[in-house]
Amino acid sequence: MKIIQDWQAAIWKRMSKGAFWVDVLVALVVGGGIFWAVNKLRTNGYIVTQELQHHDFLHLRQKPDFGTKMITHTNVVIIGADEWDIQRFGWPLQDDTVAQILGKIASLKPAAIALDLYRDMPVPKRGDLIHYLNEVLTNNANIITISQIDLKEPELTIKPPAVLQGNALRVAENSFASDPDLKIRRGMLYFYSDAGIHPSLAIQMASRYIGKNWWELLVAAPGPILKIPSLPFQSLGLTNGQQIAMAVVQKTTRDQAVEIDNTEVIKFVASDNPLQYSEEGEVIPSTNIIELLDGGDVGDSNGDITSVTVTTADGVLAVDTRVSGVALPPFDWYPEAIGVEYEFSILLDTDNDPSTGLKPDGIDGLGADLVARVICKVGETENVESGTVFRPAGENSATNEIVMPDFAFGSVRDDLSELKIGKALFTKFDGDRGPYSGTDAGGYTYAWITAARVPINFRGSPFGP
Ligand SMILES: [Ca+2]
Ligand SMILES: [Ca+2]
């Protein structure tokens with residue numbers, strides 16, 4: 001204790017002198033100045049080269065770990081051309097030569113062929129050989145061609161071969177977003193222009209290999225909204241104009257501990273009327289759409305309801321239940337939710353009579369005659385999810401009576417354009433350089449893993465000399 005007391009006394013003595021505060025001031029000015037200067041340098045991009053070098057250094061030091069999913073792709077063949085080929089066949093290759101090459105590859109029946117050459121104009125320009133290329137492109141639906149869209153200067157867009165123009169299944173976008181040092185560190189999945197979504201060559205080829213259309217790979221990423229898009233009144237036994245009271249209950253079960261979040265009661269009228277849309281295609285608010293807000297009341301944010309939106313139109317009931325976390329969190333994206341069960345119950349008092357039906361705890365003025373229930377068990381290898389509508393057990397029956405054995409539901413975010421492939425979550429590309437700078441409404445990129453491109457000699461290929 002003596003040591004501490006002495007030390008405190010020494011400190012107080014020092015602090016009582018003006019020189020100490022000069023030291024403090026100098027430290028603040030020097031430290032703050034360095035902080036401000038580094039921040040300024042970074043903001044202006046003056047040290048981006050060093051940052052990227054540092055990024056590359058760390059990136060290249062990582063040992064690739066593919067776990068059990070390591071696959072050696074011997075089934076991808078790259079056919080290139082070198083200086084010898086150019087000496088022999090000329091460059092660009094003439095249309096009949098390209099047609100001949102494609103025809104030979106196509107005869108081997110690969111899942112997909114990427115023609116990674118721009119063929120927006122005939123070669124030779126007089127166009128007397130283009131019919132060879134057009135024929136092979138028309139006859140082989142597994143050939144994917146490329147275009148390069150320039151959002152900054154649309155007139156500089158490199159179009160796909162004219163015969164395939166506008167064919168969403170046959171044209172891929174072939175741009176890369178490069179960093180300021182002109183290195184490519186990301187590959188593009190797809191991006192938007194006013195014309196819609198442009199899939200990258202990689203996406204087109206991967207989807208062909210998997211045997212799907214590329215847009216089937218565009219799966220809505222999970223988000224805060226549990227969407228039940230369509231519960232038809234007919235299936236629920238409801239009629240137009242029927243008065244209905246509703247509440248939503250969410251029950252979280254984790255390690256036998258149960259947490260319940262109830263909303264208040266919402267009243268609405270079942271409606272056959274269609275929704276009205278503005279000229280911009282947005283839904284015009286009406287009595288068909290009712291929103292109820294709910295406070296933050298439970299510990300697990302994935303089970304904490306923040307609002308419920310009921311849409312009743314066109315003879316269909318749609319319910320969006322929003323939570324403050326992620327609705328139905330997938331096990332592979334949110335491993336922290338493994339072992340948790342979420343149970344969302346849409347309680348419908350269809351006779352609008354609180355004295356009939358199920359009377360849930362903590363909700364006054366509601367007797368539920370129908371329950372639409374979504375259960376999500378987050379498992380270690382999968383999510384077990386189910387959605388059923390039933391008439392709850394009560395005075396008339398001992399067990400729940402199933403009304404709809406299943407219905408569509410899903411976890412979505414407000415922006416439905418996220419892309420999920422496997423476990424990867426892809427977020428908005430907001431780079432301010434490269435061909436999409438400024439005008440890009442949303443391109444999607446993934447980290448580029450530098451793989452050795454093994455050139456296969458043109459002369460050693462199936463169409464040898
Ligand atoms: Ca809540
Ligand atoms: Ca009732």
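Residues numbered from 1 in each chain as written. Chains lettered and ligands numbered in written order. Predicted model: local features only at pLDDT ≥ 70, side-chain atom pairs only at ≥ 80, totals over all residues.

Trainee: Explain the nonpolar core to me, using residue names and the numbers behind them.
Mentor: Counting residues in each nonpolar core, the largest one holds 40 residues, and the members touching the most others are Leu-226, Met-246, Ile-346 and Leu-347. Contributing elements (two or more residues each) for this core: strand S6 (225-232), helix H8 (233-236), strand S7 (243-254), strand S11 (305-313), strand S12 (316-323), strand S13 (341-349) and strand S14 (370-378). Beyond its immediate chain neighbours, meaning those up to four positions away, Met-246 contacts Val-265, Ile-266, Phe-268, Val-310, Ile-346, Leu-347, Leu-348 and Asp-349. Leu-133, Ile-143, Leu-164 and Ala-172 belong to the second-largest nonpolar core, a separate cluster that totals 19 residues. (Core = buried A, V, L, I, M, F, W, Y, C linked by C-beta atoms within 7 Å. Buried ≥ 20, exposed ≤ 12 C-beta atoms within 10 Å, placed from the backbone. Helix = DSSP H or I, 4+ residues; strand = E, 2+ residues; numbered from the N terminus. Contact = placed C-beta atoms within 7 Å.)

Trainee: Lay out the environment of Asp-56 with the relevant residues and their values.
Mentor: Secondary-structure assignment places Asp-56 in helix H3 (residues 48-61). For the pair Asp-56 and Arg-185, spaced 129 residues apart in the sequence, the C-alpha separation amounts to 9.1 Å.

Trainee: Could you give an account of unusual backbone geometry, naming the residues involved and the relevant values?
Mentor: Across the junction of Trp-91 and Pro-92, the peptide omega takes the value -5 degrees, indicating a cis bond. Checked against the element boundaries, Pro-92 lands in the loop between helix H4 (83-89) and helix H5 (95-107). Omega for the bond connecting Val-123 with Pro-124 falls within 30 degrees of zero, at -5 degrees, which places this linkage in the cis form.

Trainee: I'd like a description of helix H7 (residues 201-210), backed by residues and values.
Mentor: Turning to H7, its buried residues are Leu-201, Ile-203, Gln-204, Ser-207 and Arg-208. End-on view of H7: buried residues confined to an arc of 165 degrees, all on one side of the axis. Looking at the residues trailing H7, positive phi occurs at Gly-211, about 85 degrees. (Arc of directions from axis to C-beta.)

Trainee: Provide a residue-level description of the packing of H5 against helix H6 (residues 130-139), including the pertinent values.
Mentor: Running from N to C, H5 and H6 cross one another at 25 degrees; their axes reach a closest spacing of 7 Å. The pairing of H5 with H6 is recorded here as roughly parallel in orientation. As for how H5 packs across H6, the hand of that crossing is left-handed. Of the residues in H6, those touching H5 at Asp-95, Asp-96, Val-98, Ala-99, Leu-102 and Gly-103 are Ile-130, Tyr-132, Leu-133, Glu-135 and Val-136. Per-class residue counts for the contact of H5 with H6 are 7 nonpolar, 1 polar and 3 charged. (Axes fitted to C-alpha atoms, helices over the stretch in contact; angles between N-to-C directions. Parallel < 35°, antiparallel > 145°, perpendicular 65-115°, else oblique. Left-handed = near helix turned anticlockwise from the far one by under 90°. Nonpolar A, V, L, I, M, F, W, Y, C, P; charged D, E, K, R; others polar.)

Trainee: Any chance you could break down the sheet that holds strand S2 (residues 143-147) for me, citing the residues and the numbers?
Mentor: Here we have 3 strands laid out as an open sheet, ordered S1-S2-S3, and parallel in their pairing. At either end of the open sheet lies a strand with only one pairing partner, and these are strand S1 (113-115) and strand S3 (171-173). Averaged over neighbouring strand pairs, the angle between their axes works out to 35 degrees when direction is ignored. Across 3 bridges, the pairing between S1 and S2 is parallel. Considered in S2, the bridge of Ile-113 is made with Ile-143. Here H5 sits on the sheet in contact with S1 and S2, set at roughly 165 degrees to S1. (Pairing = 2+ DSSP bridges.)

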